[in-house]
Amino acid sequence: MNQRLILGAALAGLAAFAAPPDAIAAAATPGRAAATAAHRDADPRAATAADAAYAPGTRLVRAPVANPRGTPRPLAVGEGFERMESVLETGSALGGGIYANGWIRRNNSDAPNLAWYKGVPSAFAAYDGAPDSYLAQNWFATRLDTGTASVWALTPPVNFGAGASVSFWTRTVENAPRPDRLQVRVCATGACTDVGTMPEDVGEFATLVADINATETVGGYPETWTRYVLTSADGLPASGAGRIAFRYYFHQDAGALAGSYVGIDRVEIDEGDAAPNGIDLAVTVAPADPAAPDACGTATSIDVAVGDQVNVCYRMTNTSAAPLAWHSLRDDLTGPVFSNRERAVAPGATWQFNRVVTVGASQSPSFSWIAQRERSGYTPDDTQPAQYVDTTGGQELDAQTVYGGMTLPFPADFRFRLYGERIDELCVMGYAVVLNKHFPSCPTYTPGLPPLPDGNLTGVFGSAMVLFQTLMQPGGRYFTKTLGVAPLRRYVIEYNDNPVAFGSTDPGRGLTAQIVLNETTNVIEFQYGNLLFGGHPALAYGGRASIGLQAQQIGQQYSYMTQSLRTVNRIAWRPSDPVAYSRTKQIHIAAHAPVLHVDATSIVAGAPSHGTASATLGLANDGDGRLDWTTGVDTSATSHFPASPRTLVRRTDAAAFDPLAHRAPVQAGGARTAQAPAGGTTWPLWAFDIGNGYLLQTNRETPGYDLANGAIKGYPRGRTITGAEFVDDDFDRLYAYDTASHALLRYDPITSTPNVYAGETVVGLAQLPTGEFGHGLKQDPTTGTVYLVTTTGQASRLWTIDLATVTVREVGEIVGMPGVLAIAFDADGRLYGVDGIYDALIAIDKTTGAAQAIGELGVATGGNVSALAFDPADGALYFAGYDAGGANLYRVDAATGSATYVAMLAGPEGGPMQLGAMAFAHRASRCTRPADVPWLVPALAGGSIAPGAASAPLALGFDGASLADGIYTANLCIHSNDPLRRRTALPVTFTVGRGDAIFADGFEGN
């Protein structure tokens, strides 16, 4: 019995691709003797006081490391894995994470399975950043109990010079029951992408510079985050260009499993004094000027205020002897700027690229530009005539099995690599797709026909040959045949007369096509026999098909939903392994932020009948930036628009935009027992978890289903709730919107009482356009109007909805924002949104739908369902995002758009959670407009306080001349550019008359 599969079966309900390693480690292994921990000497390269003080489970804030030579120098690689998206998270190759920006992973294990994925926080948290922001690998690198595991992660290209170094942090789980091992190897001979294909192969990476736990001893791998620093003394080269490789590597004897779970974090590579190699790069920064978006400054450092925009100018010069056509640019702090962008740059020519960035904090980002002559992967050639192969006498496959996905053993002696990896088994799918099998069984796949990369096609680890992916019907025949003599044989997979959905069922009208794999050369051929299917004419020649190749999250699309094969019947995919030139430069941005200090939390004054009073409020600036402040409130619908236009970069392809495509699966099981909330009314966050089908009451500090901080309060199963709101400060009922049915719903009673659940009432159906994803349902606290948004990924529209009649009225298109996923109002009636195409916060005019960019979130939405809500308790916007690694809650700066991690969102039993909507049960302290309280007169409407300046007094006058005796209240608001206190509301109480009662309370009138 395979012990790995036994242990894997214990993980039912959890994702097979990222099985929580702590659960694996804790599972019993039949027949295995208990492991004895071995003593491990402390690694001398990790003996700093800061490292020694690190406690397991603690997340550290990244601090800059001083250059030993005393001068700042950029890092060629400064990877904290914050933006390690896979196709499951982005749905697109645009900004597709580290593996679309230079990193490469290969699994050469016996029976390969997992390969370097995003960290699982239930095992341990990242060294720094979000809990899942680290590179992880576990013992499911192989599906076998015997043999060898060998899984590679290759860094982006680097240039090596004198003084080059690499540092990284790594660890395994506490009390790891099986030995882990990690090698660090280096190649400096050019492209450096070849690690061989077999478990013991090292390819071009013959130089070993570190071998952690080389004896593969239980207890020999560090169990807390430990830093390793490698230099020329360890074998790093002092010249040349190449890559550094991390290799998870262990051996097994029958009955004795190896491998537990390791993490790698904060990889930093200093190239040393490396000379330019193929390209040169200059990066400068200057204040952004909307009138001159292409301006290029001369400075590499700048001083600005938080919220300012800067123009970063990149100038890449081709110093090689040939044109460079494919380019990637990556920011080590926020991730990819662009990936695999095609633009021919001749020798000696320069490409200038400008990017406007909203500054949220001081930073010193390093930018790495990678340029190459050809695109990595394959180059298609469709100019050659057809050479259709006769498969007569070959092996015929069972048609019914193939239709559902058939495992096909690959000839062991056939020398062929698909995207650099060997093939042990293939999955032949009924939809004219063949996969390199990296799973225990072929996946069940029903195509939705998105463009490549399609995350449901290969998962995170596989690769695919997409011959003619379309909707098929059962039927037809399937053949394989090997022709020729080694080492130049041809391996053929043929789809023969397979019926196409909506086409004719007559014989000879089905798809007839072949995949031909050429030994040694690794060329892949797509050959097409019949592409005329009858039925709808648009089906012919690829008009309703996807054609191309895919490796993990990187897609190479030949054509998509176009009749590209009208004159083409053979596509030869030739592997390319071009030399990649890279250069890294760094800039420094000093962002100065003010800190508002107010010397009171409320204001109380009293006066005799028709008299006056005064009070003084002290305002101070405790920060290092200039403090700008105003009193009152600007009620215009565009008061939150940035003073100058801001630009954004697309992060998700509009063609692949499908918010519901990657929603978390609903967990099996019935109702769960709700407990009395430990926090009672201190749990103000109510949220709809559309992944698991629950209405959840929790808190924003540690949200989740743990009974110490959360309780299930309803069961909206079958609903896709994408909008929720407490209306008119009524916290006994919660309104919600179901985008699947366009239903307006009401849930009540909303209560913390144990075992009392909210029931559902359908108020009515909103007459919104079909095919548009609707969400929002947020109330303007200043007018009472309720709004929602619809989007397609091509355009977004703002609507109002009447909660009594469910009548909707269009306000207007949110121009320039094609994928608005969530909206929220602040306490002053300003409308914000999150756009999933740009992964950015935007300001919306609630009266027209006009919008303006505020800034990038700095975290990926992937175009998935997300939630946004304003919490009046602290005046902050909160954003709940979902990706393949799980879900997180962020606090969003309304002035810059920057998102700061707050907490992980953990579903039942630690599984995934995806919030489609959320609302806070907190009453808003709304600012009072000056026109509504003429009796309160600030002496100043606003002002500025320099850093270190003395406190500024704000005199307040109270005029009871026209007031009847009584008690009058208001909220005086101080608005400022303090990024953490944009708005401070002070309750004001003014008592007029009441005789001696005024003085009895200790307040003295004028």
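Conventions used here
Residues numbered from 1 in each chain as written. Predicted model: local features only at pLDDT ≥ 70, side-chain atom pairs only at ≥ 80, totals over all residues. Heavy atoms only, no water. Helix = DSSP H or I, 4+ residues; strand = E, 2+ residues; numbered from the N terminus. Buried < 20%, exposed > 50% of the residue type's maximum accessible area, 1.4 Å probe, protein only. Contact = heavy atoms within 4.5 Å. Areas by Shrake-Rupley, 256 points an atom, 1.4 Å probe, with all protein chains shown as cover. 1 Å grid on protein atoms, 1.4 Å probe; cavity = no way out; pocket = protein on both sides within 12 Å on 5 of 7 lines; lining within 4 Å. Points joined across faces, edges and corners; volume = space filled by probe spheres on them. Nonpolar A, V, L, I, M, F, W, Y, C, P; charged D, E, K, R; others polar. Polar contact = N/O pair within 3.5 Å; in protein donor to acceptor, adjacent residues only side chain to side chain. Core = buried A, V, L, I, M, F, W, Y, C linked by side-chain atoms within 4.5 Å. Disulfide = S-S within 2.5 Å. pLDDT = per-residue confidence, 0-100. Salt bridge = Lys/Arg side-chain N within 4 Å of Asp/Glu carboxyl O. Pairing = 2+ DSSP bridges. Phe/Tyr/Trp six-rings, centres within 6.5 Å; stacked < 30°, edge-to-face > 60°. Lys NZ or Arg CZ within 6 Å of the ring centre and 35° of its normal. Axes fitted to C-alpha atoms, helices over the stretch in contact; angles between N-to-C directions.

Caption draft 1: Focus on the overall build of the protein chain. From N to C terminus, the protein chain includes seven helices and 65 strands. In the protein chain, which comprises 1006 residues, the proportion classed as buried is 58%. Long-range contacts, defined as pairs at least 24 residues apart, comprise 71% of the intrachain contacts of the protein chain with a sequence gap of at least 6. Accessible surface computed for the protein chain: about 36,800 Å², of which carbon and sulfur atoms make up 53%.

Caption draft 2: Fine view of empty space enclosed by the protein. What the rule picks out here adds up to seven cavities of 30 Å³ or more. The calculated volume of the largest cavity comes to roughly 270 Å³. Lining the largest cavity are 20 residues, with Glu725, Phe726, Gln779, Phe870 and Pro872 sitting closest to its centre. Here the residues of the lining of the largest cavity are counted per class, giving 12 nonpolar, two polar and six charged. Estimates place the volume of the second largest cavity at around 130 Å³. Around the second largest cavity, the lining comprises 16 residues; the ones closest to its centre are Ala76, Val77, Pro156, Arg330 and Ser368. For the lining of the second largest cavity, the leading source of residues is strand S16 (residues 324-331), giving four residues.

Caption draft 3: Expanded view of the environment of Phe410. Summarising the element assignment, Phe410 is placed in the loop between strand S22 (406-409) and strand S23 (417-418). By relative accessible area, Phe410 is classed as buried at 7%. Taking the C-alpha atoms as reference, Phe410 lies 6.6 Å from Leu426; in sequence the two are 16 residues apart. Each residue touching Phe410, except ones within four places of it in the same chain, is listed here: Phe416, Ile423, Asp424, Glu425, Leu426, Tyr491 and Leu517.

Caption draft 4: Representation of the environment of Tyr747 within the structure. Inspection of the secondary structure assignment puts Tyr747 in strand S46 (residues 743-748). Classification of Tyr747 by relative accessible area gives buried; the value is 2%. When the C-alpha atoms of Tyr747 and Ala724 are compared, they prove to be 9.9 Å apart, with 23 residues separating the residues in sequence. If we skip the residues at most four places from it in the chain, Tyr747 touches Phe688, Pro716, Arg719, Ile721, Asp732, Arg733, Leu734, Ala736, Ala758, Gly759 and Glu760. Among the polar contacts made by the side chain of Tyr747, one reaches the side chain of Glu760 at a distance of 2.4 Å.

Caption draft 5: View of the nonpolar core. Ranked by internal contacts, the top residues of the largest apolar core, which has 46 residues, are Met465, Phe468, Ile524, Phe526, Tyr528 and Leu565. Counting residues per element, the ones that place at least two in this core are S22, strand S25 (425-429), strand S27 (463-469), strand S29 (490-498), strand S30 (511-518), strand S31 (524-530), strand S32 (546-551) and strand S34 (570-576). In terms of residues, this core owes the most to one element, S30, which gives four residues. Apart from the residues lying within four places of it in its own chain, the contact partners of Met465 are Leu418, Leu426, Ala432, Val433, Val434, Ile515, Leu517, Ile524, Phe526, Gly548 and Leu549. One finds Tyr99, Ala115, Phe168 and Ala258 within the second-largest nonpolar core, a separate group that totals 37 residues.

Caption draft 6: Representation of the side chain of Arg330 in the model. Mapped onto the fold, Arg330 is located in strand S16. Within the local environment of Arg330, its side chain forms a polar contact with the side chain of Glu79, the two groups lying 2.7 Å apart.

Caption draft 7: Spotlight on the state of the cysteines. Tallied over the full model, the rule gives three disulfides. Shown here is the disulfide that connects Cys296 with Cys313, its sulfur atoms set 2.1 Å apart. On the sign convention where negative means left-handed, the S-S torsion of about -95° between Cys296 and Cys313 marks this disulfide as left-handed. With Cys296 in the loop between strand S13 (279-287) and strand S14 (301-305) and Cys313 in strand S15 (residues 309-318), this residue pair connects regions lying 17 residues apart in the sequence. In this model, Cys427 is linked to Cys442 through a disulfide, with the two sulfur atoms separated by 2.2 Å. On the S-S bond that ties Cys427 to Cys442, the torsion sits near -100°, and the link is left-handed. One end of the pair, Cys427, is in strand S25; the other, Cys442, is in the loop between strand S26 (433-436) and helix H6 (455-458), with 15 residues separating them in the sequence. This pair shows no difference in class: Cys427 is buried, exactly as Cys442 is.

Caption draft 8: Examining the confidence of the model for the protein chain more closely. Per-residue confidence for the protein chain averages 82 on the pLDDT scale, and 83% of its residues sit at or above 70. Segment residues 86-95: pLDDT under 50, and 42 contacts once partners within four positions in sequence are set aside and those in other chains are kept. Across residues 662-681, confidence stays below pLDDT 50; counting only partners more than four residues off in sequence or on other chains, it has 53 contacts.

Caption draft 9: Molecular detail of the pattern of salt bridges. For the structure on display, the rule yields 32 salt bridges. The partner of Glu271 in a salt bridge is Arg583, with the nearest N and O atoms 3.8 Å apart. Note that Glu271 is positioned in the loop between strand S12 (261-270) and S13 and Arg583 in strand S35 (residues 580-586), a separation of 312 residues in sequence. Arg583 shares its class with Glu271; the two are buried. Between Arg830 and Asp828 there is a salt bridge, and its shortest N-O distance comes to 3.2 Å.

Caption draft 10: Here's a closer look at the pairing of strand S52 (residues 820-825). Across the six residues of S52, six count as buried, placing the element largely inside the fold. Pairing between S52 and strand S53 (residues 831-835): five bridges, direction antiparallel. The residue of S53 that forms the bridge with Phe825 is Leu831. Between S52 and S53, which pair antiparallel one after the other, the connecting turn spans five residues, and Gly829 there sits at a positive phi close to 80°.

Caption draft 11: Molecular detail of the packing of aromatic side chains. Under the criterion given, the structure shown has 42 aromatic pairs. With centroids separated by 5.4 Å and ring planes inclined at 75°, the aromatic side chains of Phe726 and Phe731 adopt a geometry described as edge-to-face. When its relative accessible area of 6% is taken as the criterion, Phe726 is described as buried. Members of the aromatic cluster, each reached through a chain of ring pairs, are Phe124, Tyr127, Tyr134, Trp169, Trp225 and Tyr261. Over the ring of Phe124 we find Arg171; its NZ or CZ atom is 4.2 Å from the centre of that ring. For the cation-ring pair, Arg247 lies above Tyr249, with the distance from its terminal atom to the ring centre recorded as 3.6 Å.

Caption draft 12: A look at the sheet that holds strand S40 (residues 627-631). In space, the five strands of this open sheet follow the order S38-S65-S64-S40-S62, with mixed pairing throughout. Lying at the two open borders of the sheet, with one neighbouring strand each, are strand S38 (603-607) and strand S62 (942-945). Pairs of neighbouring strands in the sheet enclose a mean axial angle of 20°, with direction left out of account. Here S38 pairs with strand S65 (residues 983-992) via five bridges, running parallel.

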